[in-house]
Amino acid sequence: MMQRTAIAIALALSLTAPAVANGLSASQSVTKQVTRVDEHGEIEVREIAADSVSPGDTIIYTLHYAYDGKTPATDIVLTMPVPEEVLPLADSLYHANTTALYSDDQGLTYLALPDANSHEPDTHLILSQITHLRWALHGDTDPGTIGSISFSGQVR
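What you see is a predicted model, and the numbers here were worked out from it, not measured in a lab.

How each quantity is defined
Residues numbered from 1 in each chain as written. Predicted model: local features only at pLDDT ≥ 70, side-chain atom pairs only at ≥ 80, totals over all residues. Heavy atoms only, no water. Salt bridge = Lys/Arg side-chain N within 4 Å of Asp/Glu carboxyl O. Helix = DSSP H or I, 4+ residues; strand = E, 2+ residues; numbered from the N terminus. Buried < 20%, exposed > 50% of the residue type's maximum accessible area, 1.4 Å probe, protein only. Phe/Tyr/Trp six-rings, centres within 6.5 Å; stacked < 30°, edge-to-face > 60°. Lys NZ or Arg CZ within 6 Å of the ring centre and 35° of its normal.

Focus on the pattern of salt bridges
Logical step 1: Here the structure, examined in full by the defined rule, presents two salt bridges.
Logical step 2: Of the charged contacts in the structure, one is a salt bridge between Lys32 and Asp57, with a shortest N-O distance of 3.9 Å. One end of the pair, Lys32, is in strand β1 (residues 24-37); the other, Asp57, is in the loop between β2 (43-49) and β3 (58-67), with 25 residues separating them in the sequence.
Logical step 3: Taking the relative accessible area as the measure of exposure, Lys32 reaches 12% and is therefore buried.

The following block contains the structure:
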(Lines give C-alpha, C1' and ligand atoms only; values in the text may rest on other atoms or scores of the structure.)
Protein backbone atom coordinates (compact mmCIF):
# COMPACT_ATOMS: atom_id res chain seq x y z
CA MET A 1 0.00 0.00 0.00
CA MET A 2 1.39 3.42 -0.93
CA GLN A 3 1.46 6.14 1.69
CA ARG A 4 0.71 9.60 0.31
CA THR A 5 1.74 12.72 2.11
CA ALA A 6 -0.59 15.66 2.60
CA ILE A 7 1.52 17.55 0.06
CA ALA A 8 0.87 14.99 -2.67
CA ILE A 9 -2.88 15.21 -2.25
CA ALA A 10 -3.23 18.88 -1.31
CA LEU A 11 -5.27 21.24 -3.43
CA ALA A 12 -4.81 24.91 -4.17
CA LEU A 13 -7.36 27.66 -4.59
CA SER A 14 -7.01 30.30 -7.25
CA LEU A 15 -9.26 33.33 -7.49
CA THR A 16 -9.47 35.32 -10.68
CA ALA A 17 -11.71 37.95 -9.07
CA PRO A 18 -9.35 39.86 -6.79
CA ALA A 19 -12.15 42.21 -5.73
CA VAL A 20 -13.80 39.37 -3.86
CA ALA A 21 -10.66 37.69 -2.54
CA ASN A 22 -11.16 39.30 0.86
CA GLY A 23 -14.70 37.96 1.13
CA LEU A 24 -14.03 34.44 -0.12
CA SER A 25 -12.61 31.78 2.14
CA ALA A 26 -11.97 28.14 1.36
CA SER A 27 -10.92 24.88 2.93
CA GLN A 28 -9.97 21.61 1.31
CA SER A 29 -10.62 17.97 2.01
CA VAL A 30 -9.48 14.76 0.39
CA THR A 31 -11.40 11.57 1.03
CA LYS A 32 -11.22 8.02 -0.25
CA GLN A 33 -14.24 6.09 -1.47
CA VAL A 34 -14.59 2.65 0.10
CA THR A 35 -17.10 -0.02 -0.83
CA ARG A 36 -18.17 -2.98 1.25
CA VAL A 37 -20.96 -5.51 1.26
CA ASP A 38 -22.94 -5.54 4.52
CA GLU A 39 -24.36 -8.61 6.28
CA HIS A 40 -27.55 -8.40 4.13
CA GLY A 41 -25.61 -8.40 0.87
CA GLU A 42 -26.25 -4.69 0.28
CA ILE A 43 -23.42 -2.66 -1.22
CA GLU A 44 -22.41 0.27 0.97
CA VAL A 45 -20.29 3.10 -0.45
CA ARG A 46 -18.87 5.71 1.89
CA GLU A 47 -16.07 8.25 2.14
CA ILE A 48 -13.28 8.15 4.69
CA ALA A 49 -10.18 10.27 5.24
CA ALA A 50 -7.55 9.60 2.57
CA ASP A 51 -4.76 8.97 5.05
CA SER A 52 -3.27 6.35 2.75
CA VAL A 53 -4.14 5.40 -0.81
CA SER A 54 -3.21 2.63 -3.21
CA PRO A 55 -3.29 2.39 -7.01
CA GLY A 56 -6.88 1.88 -8.12
CA ASP A 57 -8.42 3.74 -5.16
CA THR A 58 -11.00 6.40 -5.90
CA ILE A 59 -10.36 9.67 -4.11
CA ILE A 60 -12.52 12.78 -3.90
CA TYR A 61 -10.99 16.25 -3.84
CA THR A 62 -13.40 18.85 -2.42
CA LEU A 63 -13.01 22.59 -2.14
CA HIS A 64 -15.49 24.08 0.35
CA TYR A 65 -15.98 27.82 -0.07
CA ALA A 66 -17.84 30.60 1.71
CA TYR A 67 -18.47 34.14 0.57
CA ASP A 68 -19.00 36.71 3.31
CA GLY A 69 -18.55 39.93 1.35
CA LYS A 70 -20.92 42.84 1.80
CA THR A 71 -22.29 42.86 -1.77
CA PRO A 72 -22.91 40.11 -4.34
CA ALA A 73 -19.77 38.90 -6.12
CA THR A 74 -19.50 38.09 -9.80
CA ASP A 75 -16.94 36.15 -11.81
CA ILE A 76 -15.77 33.83 -9.04
CA VAL A 77 -13.49 31.16 -10.47
CA LEU A 78 -12.19 28.21 -8.44
CA THR A 79 -9.16 26.25 -9.64
CA MET A 80 -7.72 22.95 -8.41
CA PRO A 81 -4.51 21.34 -9.62
CA VAL A 82 -4.75 17.64 -10.39
CA PRO A 83 -1.89 15.57 -8.93
CA GLU A 84 -0.06 13.62 -11.62
CA GLU A 85 -0.73 10.41 -9.66
CA VAL A 86 -4.48 10.87 -10.19
CA LEU A 87 -6.59 10.17 -13.28
CA PRO A 88 -9.70 12.43 -13.13
CA LEU A 89 -13.01 10.63 -13.61
CA ALA A 90 -14.97 12.34 -16.39
CA ASP A 91 -18.41 12.09 -14.80
CA SER A 92 -17.24 13.97 -11.69
CA LEU A 93 -16.03 17.12 -13.44
CA TYR A 94 -19.38 18.83 -13.99
CA HIS A 95 -21.35 20.91 -11.46
CA ALA A 96 -24.66 22.74 -11.81
CA ASN A 97 -24.43 26.48 -12.34
CA THR A 98 -20.77 26.41 -13.35
CA THR A 99 -18.71 26.37 -16.49
CA ALA A 100 -16.12 23.60 -16.25
CA LEU A 101 -12.68 24.12 -17.79
CA TYR A 102 -9.47 22.13 -17.87
CA SER A 103 -5.78 22.74 -18.49
CA ASP A 104 -3.23 20.29 -19.80
CA ASP A 105 -0.30 22.74 -19.62
CA GLN A 106 0.13 23.38 -15.88
CA GLY A 107 -2.58 26.07 -15.81
CA LEU A 108 -1.21 28.33 -18.54
CA THR A 109 -4.33 27.98 -20.70
CA TYR A 110 -7.82 26.58 -20.15
CA LEU A 111 -10.35 24.98 -22.48
CA ALA A 112 -14.02 24.28 -21.84
CA LEU A 113 -14.83 20.70 -20.97
CA PRO A 114 -17.08 19.13 -23.59
CA ASP A 115 -20.81 19.15 -22.86
CA ALA A 116 -21.48 16.32 -20.41
CA ASN A 117 -24.51 15.23 -22.45
CA SER A 118 -22.75 15.35 -25.81
CA HIS A 119 -22.09 12.11 -27.63
CA GLU A 120 -19.54 13.82 -29.84
CA PRO A 121 -15.95 12.88 -28.96
CA ASP A 122 -13.65 15.72 -27.88
CA THR A 123 -10.41 15.25 -29.76
CA HIS A 124 -8.54 17.62 -27.42
CA LEU A 125 -9.48 16.23 -24.00
CA ILE A 126 -7.27 13.44 -22.72
CA LEU A 127 -8.11 12.85 -19.05
CA SER A 128 -4.64 11.56 -18.22
CA GLN A 129 -3.11 14.87 -19.36
CA ILE A 130 -5.27 17.19 -17.23
CA THR A 131 -3.10 19.22 -14.86
CA HIS A 132 -5.75 21.65 -13.52
CA LEU A 133 -9.53 21.90 -13.30
CA ARG A 134 -11.39 25.19 -13.07
CA TRP A 135 -15.02 26.09 -12.43
CA ALA A 136 -16.48 29.54 -13.13
CA LEU A 137 -19.56 30.11 -10.98
CA HIS A 138 -22.58 31.39 -12.94
CA GLY A 139 -24.34 34.56 -11.87
CA ASP A 140 -23.91 36.50 -8.68
CA THR A 141 -22.69 34.92 -5.46
CA ASP A 142 -24.63 36.45 -2.59
CA PRO A 143 -23.13 37.26 0.81
CA GLY A 144 -23.52 34.26 3.10
CA THR A 145 -23.21 31.74 0.24
CA ILE A 146 -21.59 28.44 1.21
CA GLY A 147 -20.81 25.78 -1.37
CA SER A 148 -18.39 23.19 -2.60
CA ILE A 149 -16.81 21.98 -5.81
CA SER A 150 -15.26 18.54 -6.12
CA PHE A 151 -13.90 15.97 -8.50
CA SER A 152 -13.08 12.29 -8.19
CA GLY A 153 -10.02 10.55 -9.48
CA GLN A 154 -8.44 7.17 -9.55
CA VAL A 155 -4.96 6.72 -8.09
CA ARG A 156 -2.61 5.47 -10.84
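So, next bit.
Describing the packing of aromatic side chains
Logical step 1: Scanning the model with the defined rule gives one aromatic pair in all.
Logical step 2: With a centroid separation of 5.0 Å and 15° between ring planes, the pair formed by Tyr61 and Phe151 is classed as stacked. Taken as a pair, Tyr61 in strand β3 and Phe151 in strand β9 (residues 145-155) lie far apart in primary sequence, 90 residues in all. The burial state of Tyr61 is the same as that of Phe151; both residues are buried.
Logical step 3: Just above the ring of Tyr110 sits the side chain of Arg134; from NZ or CZ to the centre is 3.8 Å.

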